[in-house]
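Remarks on the overall topology
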Amino acid sequence: MAHATPPSGPDPLAQQGGVAPLPLPQDAVYEILLRLSARDICRLRTVCRPWRSLLTDPQFIASHEARHPTTPLVVLGYHTGYHDEHVVVDMVDLSGKVLRRVHAAGEVWVTSVNQDFVCTSKDNSSCIRLFNMKTGVVFALPEELSEEHAEDRDILDFTSVAAIGQVASTGEYKVLRVLDSASFDKPEQLCEVFNLDGSSHARWRGKKAPPSPVSMTRFKSVVVNSIVYFFVQDSPLEDIASFDFESEEWRSGLRGPNYQQLRTNELSMAAVNGSLVLVHRYLSCYMDLWFLVDFERGLWEKRHSIRAQLHDYTSTIRPLLVLNDGGIVLVHIGSDSGSLKIYNPRTNTYEDVANTGLCFAVGLYSGSLLSLANRQTMWQPQLKRSTELQELRRRKVNPIQGGTAAPEEDKEAPEEDEIVRSLPLLGAVQDSAALVRS
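Residues numbered from 1 in each chain as written. Predicted model: local features only at pLDDT ≥ 70, side-chain atom pairs only at ≥ 80, totals over all residues. Heavy atoms only, no water.

Under the annotation held in an unreviewed UniProt entry, the protein carries the name F-box domain-containing protein and is attributed to Eragrostis curvula.

Here it is in C-alpha cells:
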C-alpha cells in the first residue's frame, strides 16, 4: 500500500495561533490523522484554521481515501413542500445516519441524482438547477429553448426531463433535455444538449428528436455511464431508446427481456453496479431484476427475484446497489412515505435501515465523505450564478469537479460550539500521539 507524503514546509498545526504543536514529527502526526475515520476528520476540521487547512488539502483527502475504501452514500431527493424544514437532499450511510442535509428556499423538488450531481426543478420543469455535491455549486441552466428550436415555439408549451452524464474519453459533463409538447394539434418531442463546462457562452444546442417518443414519467429513464436510457412511449414490447453523450446521437433501439409473467404491475429502470437494470414487478408483491449484459445482441439476465414488501399499487422499489456479500440496497417509495432497506437474498429477509419520508428521486454518491461540500443551502434567493462562478475562478476552483481549496484568509473561523464538540476527539488524537511516543 502506498504511503502518504506529508506536506512540506512549516507545521500547519502550529501556525496562526492554533492548537499547540504535538511533540512529534510532522509525518507521525500526519500518519495518525490518516488512521482516523472520515467522520472524525470532518469534526477535527472545526478545531482551528490550520487543522482545517491540513485536513481539507486534496493530497490528504486522496491519501485518506486510499486507506479507507468507502461504501457509497445513499442520496435521497425530496420536494421542499413536504418538509417543514425545507429539506431537499439527505445523504445517508448504510447504518441510517444522515451525514449531510441540504435545505432549499422556496418550492424545489429533486428530479434525478447522478454523477455526483443533484438535478432539481423550481416553479416549473424548464427551471433546471444542478447541485454539485462535491463543490457545493448550484448551476442555473438557461430556461429558454435552443436557437435551433426557438422559432415559432414557446418553452412554456413543453414539459421536460433532464439527465446528466459524463463522457468517458474527455471527462466532460453534459446535460440532455427532452421536451414534450402536450398539444393535441401538434405533438412533438425535442432534444437538446448543454455542455456543463462553466463557460458563460454555453447554451442549449438542438439535436435530432428521439426516433420514437420516449416516456417522460418518473423512473422511466436512467443514466448508466455515458448513456441515457428511456422507455419508448406506448410500446407493447417495452422498447428502449438510448442517447449517447459522447456522439450526441440516438442509438439503435433495444428490446426488453421476455417477461413470462402475464400480469405486470410496474416496469421501471435503475442503474445498479454500473449496469442498466429493468425492474419488473408483477402480482403486486414480486419483483425481478433484469441486467443488460450485451446491448448489441439485446441479451438480458435475470439475476434477482425478490418478494417485495409493498402495501399498495402506488408503491415502488428502487434498487441502488448490490453489496459484496450479496445484499441489495433498496429504497421503498410509497404514496406518502419511504424507507431504506437492505435485502438478504439468501434468507429472503429485509433489514430496516432508516425511514426516508416521501422521496422524489434516489441515487448514490460514491466519493469520499471528505470531498463533500459543507454547503447547507442549495437555493439562495439573492444568489446570482455569475457572481458565484467569478468567486470560484478567483479561488482557482474548478466549479465542475472541485479543485484547490479556498485561500486560508477567506475561510471562516470555526464557531465556539464546533470547537467544543471537537475537543474530545482532539484528546483522542493526543492519546494516540502518546502511544506512538511510548
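A closer look at the overall build of the protein
Helix and strand counts for the protein come out as seven helices and 28 strands. Expressed as a percentage of its 438 residues, the buried residues of the protein come to 50%. A separation threshold of at least 6 residues defines the contact pool for the protein, and within that pool the share at least 24 residues apart is 50%. Accessible surface, the protein: about 21,400 Å² in total, of which carbon and sulfur atoms supply 48%. (Helix = DSSP H or I, 4+ residues; strand = E, 2+ residues; numbered from the N terminus. Buried < 20%, exposed > 50% of the residue type's maximum accessible area, 1.4 Å probe, protein only. Contact = heavy atoms within 4.5 Å. Areas by Shrake-Rupley, 256 points an atom, 1.4 Å probe, with all protein chains shown as cover.)

Brief notes about the pairing of strand β13 (residues 227-231)
The buried count for β13 comes to five of five residues, which makes it a mostly enclosed element. Looking at chain direction, strand β12 (residues 221-224) and β13 are connected through four bridges and run antiparallel. Paired with Val-222 across the bridge in β13 is Tyr-229. Here β12 folds back onto β13 in antiparallel fashion, the turn holding two residues, of which Asn-225 has a positive phi close to 60°. (Pairing = 2+ DSSP bridges.)

Considering the sheet that holds strand β24 (residues 349-355)
Strands sit in the order β21-β22-β23-β24 across an open sheet of four strands; the sheet is antiparallel. With one partner strand each, in any of the chains shown, β21 (316-322) and β24 form the two edges of the open sheet. Neighbour-to-neighbour, the strand axes of this sheet turn through a mean angle of 25°, independent of strand direction. With six bridges connecting them, strand β23 (residues 338-344) and β24 associate as antiparallel partners. Note that in β24 the partner of Asn-344 across the bridge is Thr-349. (Axes fitted to C-alpha atoms, helices over the stretch in contact; angles between N-to-C directions.)

Looking at the sheet that holds strand β11 (residues 205-207)
The antiparallel open sheet is built from four strands, whose spatial order is β8-β9-β10-β11. If you trace the sheet from one side to the other, it starts and ends with β8 (158-166) and β11, each paired once. In this sheet, adjacent strand axes meet at a mean angle of 30° when their direction is disregarded. With three bridges connecting them, strand β10 (residues 189-195) and β11 associate as antiparallel partners. Bridged to Val-193 within β11 is Arg-205.

As for the layout of surface pockets
For the second largest pocket, the calculated volume is near 1,200 Å³. Every residue lining the second largest pocket is counted, 46 residues in all, and those nearest its centre are Ser-112, Val-113, Asn-114, Val-222 and Val-362. Elements represented by at least two residues in the lining of the second largest pocket include exactly β4 (108-114), β5 (117-122), β6 (124-132), β8, β12, β17 (264-272), β21 and β25 (361-365). Of all the elements, β4 adds the most residues to the lining of the second largest pocket, at six residues. Its residues placed into classes, the lining of the second largest pocket shows 27 nonpolar, 16 polar and three charged. (1 Å grid on protein atoms, 1.4 Å probe; cavity = no way out; pocket = protein on both sides within 12 Å on 5 of 7 lines; lining within 4 Å. Points joined across faces, edges and corners; volume = space filled by probe spheres on them. Nonpolar A, V, L, I, M, F, W, Y, C, P; charged D, E, K, R; others polar.)

Digging into the pattern of salt bridges
Considering all chains together, one arrives at 18 salt bridges under this definition. The residue Arg-101 makes a salt bridge to Asp-90 at a minimum N-O spacing of 2.7 Å. One end of the pair, Arg-101, is in strand β3 (residues 98-104); the other, Asp-90, is in strand β2 (residues 87-92), and 11 residues separate them in sequence. Accessibility expressed as a relative area gives 31% for Arg-101, which makes it partly exposed. Given a relative accessible area of 4%, Asp-90 falls into the buried group. With its nearest N and O atoms 3.3 Å apart, the salt bridge here joins Asp-239 to Arg-255. With Asp-239 in strand β14 (residues 239-244) and Arg-255 in strand β16 (residues 254-255), this residue pair connects regions lying 16 residues apart in the sequence. Residue Asp-239 is classed as partly exposed on the basis of its relative accessible area of 24%. (Salt bridge = Lys/Arg side-chain N within 4 Å of Asp/Glu carboxyl O.)

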